[in-house]
Amino acid sequence: MDKPNIAEMIIQYEKNKDMTDTQFAFESHLSVERVHNLKSGDYEPTADEIKTVQEYIKLHQ
């Protein structure tokens, strides 16, 4: 999965759940800085980060 898709997944999830980056980061066990970077596209996500985001969103829909 590429960066825009991960960014879009996070953005849509936060929007649907009325959640901040800080809340998402805390609950998904990512740093706030990484969440910001993933959403902005300035950071290349690792395989672990992609898996973490996908699993967290899937479990908490």
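Residues numbered from 1 in each chain as written. Predicted model: local features only at pLDDT ≥ 70, side-chain atom pairs only at ≥ 80, totals over all residues. Heavy atoms only, no water.

*Asks:* What exactly am I supposed to notice about helix H2 (residues 21–28) here?
*Replies:* Of the residues making up H2, those classed as buried are Asp21, Phe24, Ala25 and Ser28. For H2, the angular spread of buried residues about the axis comes to 100°, placing them on one side. (Buried < 20%, exposed > 50% of the residue type's maximum accessible area, 1.4 Å probe, protein only. Helix = DSSP H or I, 4+ residues; strand = E, 2+ residues; numbered from the N terminus. Arc of directions from axis to C-beta.)

*Asks:* Help me understand unusual backbone geometry, please; the structure alone is not making it clear to me.
*Replies:* Note: most residues except glycine have negative phi, and most peptide bonds are trans. A positive phi angle, close to 50°, is found at aspartate 18, a residue other than glycine. When you line up the elements, aspartate 18 lands in the loop between helix H1 (3–17) and H2. The backbone of histidine 29 shows a phi angle near 70°, a positive value even though the residue is not glycine. The topology assignment puts histidine 29 in the loop between H2 and helix H3 (32–40). Histidine 29 gets classed as exposed once you look at its relative accessible area, which sits at 71%.

*Asks:* Sorry, what's going on with the side chain of glutamate 49 here?
*Replies:* For glutamate 49, the location among the structural elements is in helix H4 (residues 47–59). When residues no more than four places from it in sequence are discounted, the contact partners of glutamate 49 are Leu30, Arg34, Leu38, Tyr43 and Glu44. (Contact = heavy atoms within 4.5 Å.)

*Asks:* For this particular structure, what's the right way to read the packing of aromatic side chains?
*Replies:* Where two aromatic rings form a pair, the distance of their centres and the angle of their planes describe that pair. The final tally for this structure, using the stated rule, is three aromatic pairs. An angle of 75° between the planes, with centres 5.5 Å apart, marks the rings of tyrosine 13 and tyrosine 56 as edge-to-face. Taken as a pair, tyrosine 13 in helix H1 and tyrosine 56 in helix H4 lie far apart in primary sequence, 43 residues in all. Overall, the relative accessible area of 7% leaves tyrosine 13 in the buried class. (Phe/Tyr/Trp six-rings, centres within 6.5 Å; stacked < 30°, edge-to-face > 60°.)

*Asks:* How should the packing of H2 against H4 be read in this particular structure?
*Replies:* In a packed pair of helices, the relevant descriptors are the angle between the two axes and the axis-to-axis distance. Interaxial distance between H2 and H4 falls to 10 Å at its minimum, and their mutual angle equals 100°. Here H4 runs roughly perpendicular to H2, going by the angle between their axes. On the side of H2, the interface is formed by Phe24, Glu27 and Ser28, while H4 contributes Thr52, Val53, Tyr56 and Ile57. For the contact of H2 with H4, the class distribution of residues is four nonpolar, two polar and one charged. (Axes fitted to C-alpha atoms, helices over the stretch in contact; angles between N-to-C directions. Parallel < 35°, antiparallel > 145°, perpendicular 65-115°, else oblique. Nonpolar A, V, L, I, M, F, W, Y, C, P; charged D, E, K, R; others polar.)

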